[in-house]
Amino acid sequence: MDVLDKLRDDEQYYGEFGQQYLSNSDISKLLTDPLAFRMPQEDNVNFHKGRYFHQLILEPEKAIDTTFIDVSSRNTKLYKEAVSSSGTIIMLEKEGQEIRDCVQAMMGNLSFFEGVREDGVKYEVPAIKEIHGLMWKGKADIVCNDKLIDLKTTGRIDDFKYSARKYNYDSQCYIYQQLFGKPLEFYVVDKTTARLGIFKPSEEFVHRGEQKVIRAVEVYNRFFGDNPTEDINEFFIQDTL
C-alpha cells in the first residue's frame, strides 16, 4: 500500500503515520502556540458537527453511523448519562437537523449541486508535496476537472471574508493549490440562515496564505526541525504594546 492509499484512511491521515507531514491544521499552533504543536487534541462538538456535514455530502455511508440524542442541551442528566455510557460526544438531534438543513440548502441549489456532483469528481482525495523545504499533506473535499472545492459552514456568511483569514483558510488555499495544481473555491452555507456563497480566492488572499506557511516553516525548523536552533521550552511571546 503506497503513501496516498494509506492517507485515504482517516485513522492513518490523522494518526501517527500522517504526522510525518505538516498540514494546514498545524499552522495555527506553529504561529501562535508552538508549545502545543502536535499535542493530542480531544474531539469536540464543532469537529463532530463538521464531520457529519461533510459525510452527508461526500460519504453518506459513514453519516448513517452518527448517533443522536433528543434532549434540550448537554447540561441535561439524560445527556450526561448517555455520554458517560458511550464515552464519546453525542450530537443533539436539533444540531443534526440544523446540519441536515444546511446540506439540503446547499444540494438544493443547482449551481452548488452541479459543482459537487460534476461528472468525474473525486471526494476526499489526499496529496503530499514538498513546500518551502518541508513535506505537507492535504485531503481535498472535492477534486473537479478544473478546480478544487472545499465545503464550509459558517455562523455568519457576511463575515466569511474575515473568518477565512482568522481560521487560516488562506494558508489552506495556498497549500492545496500547491498540492493539487488547481485553484480552490470555498462553497459556504450559513448555519443560521442557510444562505449560500461561493468564494473565489484572490491573488492577495493566496499570497497571504503563502506568507503564513513561510512563517510556520521558520518556526518548525527553529524548534522541531532536524537541526533545531532553539529549545521549545524556552519559547515566549514578545510584542510591543
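Everything numeric here is computed off the predicted structure, so don't read it as measured data.

Draft legend 1. Inspection of the packing of helix α10 (residues 169–180) against helix α11 (residues 203–223) at higher detail. Following both chains from N to C, one finds α10 and α11 inclined at 90 degrees, their axes separated by 7 Å at the closest point. If you check the angle between α10 and α11, you find them roughly perpendicular. Along its contact with α10, which presents Tyr-169, Asp-170, Ser-171, Cys-173, Tyr-174, Ile-175 and Gln-177, the element α11 presents Phe-205, Val-206, Arg-208, Gly-209, Glu-210, Lys-212 and Val-213. Broken down by class, the residue content of the contact of α10 with α11 amounts to seven nonpolar, three polar and four charged.

Draft legend 2. Spotlight on the packing of aromatic side chains. Under the definition given, this model contains 15 aromatic pairs. Note on Phe-186 and Phe-205: the rings are 6.4 Å apart at their centroids and 80 degrees apart in plane angle, and the pair reads as edge-to-face. Of this pair, Phe-186 sits in strand β6 (residues 184–190) while Phe-205 sits in helix α11; the two residues are 19 residues apart in sequence, bridging distant segments of the chain. Each member of the pair, Phe-186 as well as Phe-205, is classed as buried. Connected via pairs of aromatic rings, a cluster forms that spans Phe-160, Tyr-167, Tyr-169, Phe-186, Phe-199 and Phe-205. Over the face of the ring belonging to Tyr-13 we find Lys-137, whose NZ or CZ atom lies 4.1 Å from the ring centre. Above the ring of Tyr-169, the side-chain terminus of Lys-152 is found at 4.0 Å from the ring centroid.

Draft legend 3. Main features of the pattern of salt bridges. Following the criterion strictly, the structure yields 17 salt bridges and no others. Where Arg-38 meets Asp-26, a salt bridge forms, and the shortest distance between an N and an O atom there is 3.4 Å. Remark: Asp-26 occurs in the loop between α2 (10–14) and α3 (27–32) and Arg-38 occurs in the loop between α3 and α4 (45–58); sequence separation between them is twelve residues. In this structure Arg-38 comes out as partly exposed when scored by relative accessible area, which is 29%. Given the relative accessible area of 10%, Asp-26 is considered buried. One salt bridge connects Glu-98 with Lys-49, and the closest N-O pair in it is separated by 3.8 Å. Linking Glu-98 in helix α7 (residues 93–107) with Lys-49 in helix α4, this pair joins segments that are 49 residues apart in sequence. Residue class for Glu-98 comes out partly exposed when judged on its relative accessible area of 27%.

Rules of the game
- Residues numbered from 1 in each chain as written.
- Predicted model: local features only at pLDDT ≥ 70, side-chain atom pairs only at ≥ 80, totals over all residues.
- Heavy atoms only, no water.
- Axes fitted to C-alpha atoms, helices over the stretch in contact; angles between N-to-C directions.
- Helix = DSSP H or I, 4+ residues; strand = E, 2+ residues; numbered from the N terminus.
- Parallel < 35°, antiparallel > 145°, perpendicular 65-115°, else oblique.
- Contact = heavy atoms within 4.5 Å.
- Nonpolar A, V, L, I, M, F, W, Y, C, P; charged D, E, K, R; others polar.
- Phe/Tyr/Trp six-rings, centres within 6.5 Å; stacked < 30°, edge-to-face > 60°.
- Buried < 20%, exposed > 50% of the residue type's maximum accessible area, 1.4 Å probe, protein only.
- Lys NZ or Arg CZ within 6 Å of the ring centre and 35° of its normal.
- Salt bridge = Lys/Arg side-chain N within 4 Å of Asp/Glu carboxyl O.

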